[in-house]
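# Coordinates in review
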Amino acid sequence: VPALLGEDAADWDAIERELPFVAGVMLGRAAYHDPYLLADVDARLFGDARPAPSREQVVEALAAYASAQLARGTSLRAIVRLPASEPPPIAIMSRL
């Protein structure tokens, strides 16, 4: 079963162009680099009429999730997949 993987699925133009020819799309890395990529997935793929959240709402939701995970003892680096040499993103850390 063919699937669109990795960097080939880095934006909606690429996804929508290939989606008729594949059984699925893996957005893991693209979503880690740009969490907003998934903001309008329900509207684009399933016809959901609700407006997509703003970038700020996505960051707020990610910050809330990260905060809850930190409270459970999960490393923030495991959530945002940062190399050990890079500091956590300021947009998230400033909300924790």
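In what follows, the accompanying structure is described. Computed from a prediction, not measured in an experiment: that's the story for all the values here.

### Some words on the overall build of the chain
If you tally the helices and strands in the chain, you get 6 helices and 2 strands. Ordered by position from the N terminus, the helices and strands of the chain form the series β-α-β-α-α-α-α-α. Look at the contacts in the chain between residues 6 or more apart in sequence, and 31% of them connect residues 24 or more apart.

### Regarding the nonpolar core
If you look at the biggest cluster of nonpolar residues, it comprises 7 residues: A9, W12, I15, L27, A30, L37 and V41. Aside from chain neighbours lying at most four places away, what touches L27 is A9, I15, L37 and L38.

### Side note on the side chain of Q69
Structurally, Q69 can be placed in helix α4 (residues 55–71). Setting aside its immediate chain neighbours within four residues, Q69 contacts T74 and I79.

### Quick look at the layout of surface pockets
Estimates place the volume of the second largest pocket at around 170 Å³. Around the second largest pocket sit A31, Y32, P35, L38, A39, P53, V58, A61 and L62, which together line it. Elements represented by at least two residues in the lining of the second largest pocket include exactly α2 (28–33) and α4. Per-element accounting of the lining of the second largest pocket gives the leading share, 3 residues, to α4. Of the residues contributing to the lining of the second largest pocket, the split by class is 9 nonpolar, no polar and no charged.

### Examining α4
The end-to-end C-alpha distance of α4 is 24 Å, a good match for the 24 Å that 17 residues give at a rise of 1.5 Å each. Of the positions making up α4, those classed as buried are V58, A63, A66 and Q69. All buried residues of α4 lie within an arc of 135 degrees about the axis, which places them on one face of the element. Exposed residues lying more than 90 degrees from the buried face of α4 are E56 and A71. Taken from the residues just after α4, G73 is the one with a positive phi, measuring 95 degrees.

### Section: the environment of A39
Secondary-structure assignment places A39 in the loop between α2 and α3 (41–46). The residues touching A39, leaving out its near neighbours within four places in the chain, are A52, P53 and V58.

Thresholds, definitions, all that
- Every chain's residues receive numbers from 1 upward, in the order its sequence appears when written.
- Only residues with pLDDT of at least 70 get local features here, since the model is predicted, and only at 80 or more are side-chain atom pairs given and counted; chain-wide, interface and lining totals rely on the full set of residues.
- The basis for every side-chain value is the complete set of heavy atoms in the structure, and neither hydrogens nor water enter the calculation.
- The way it works is that DSSP assigns letters per residue, a run of H or I at least four long becomes a helix, a run of E at least two long becomes a strand, and they are numbered from the N terminus.
- When checking whether two residues touch, look at their non-hydrogen atoms; a contact exists if any pair is within 4.5 Å.
- Residues grouped as a nonpolar core are buried Ala, Val, Leu, Ile, Met, Phe, Trp, Tyr and Cys residues, joined through side-chain atoms within 4.5 Å.
- Note on exposure labels: buried denotes an accessible area under 20% of the residue type's maximum, exposed denotes more than 50%, and partly exposed covers the range between, all computed with a 1.4 Å probe on protein chains only.
- Residues are called lining when one of their atoms sits within 4 Å of a cavity or pocket point, these points coming from a 1 Å grid over the protein atoms alone, where a cavity is a set in which a 1.4 Å probe fits but cannot get out and a pocket is an open set with protein on both sides within 12 Å along at least five of seven lines.
- Grid points are joined across faces, edges and corners, and a volume is the space filled by probe spheres set on the points.
- Put simply, Ala, Val, Leu, Ile, Met, Phe, Trp, Tyr, Cys and Pro go in the nonpolar bin, Asp, Glu, Lys and Arg in the charged bin, and everything else, Gly too, in the polar bin.
- Between the first and last residue of a helix there are one fewer steps than residues, each counted as 1.5 Å, and that sum is the expected span.
- Along the arc lie the directions from the helix axis toward the C-beta atoms.

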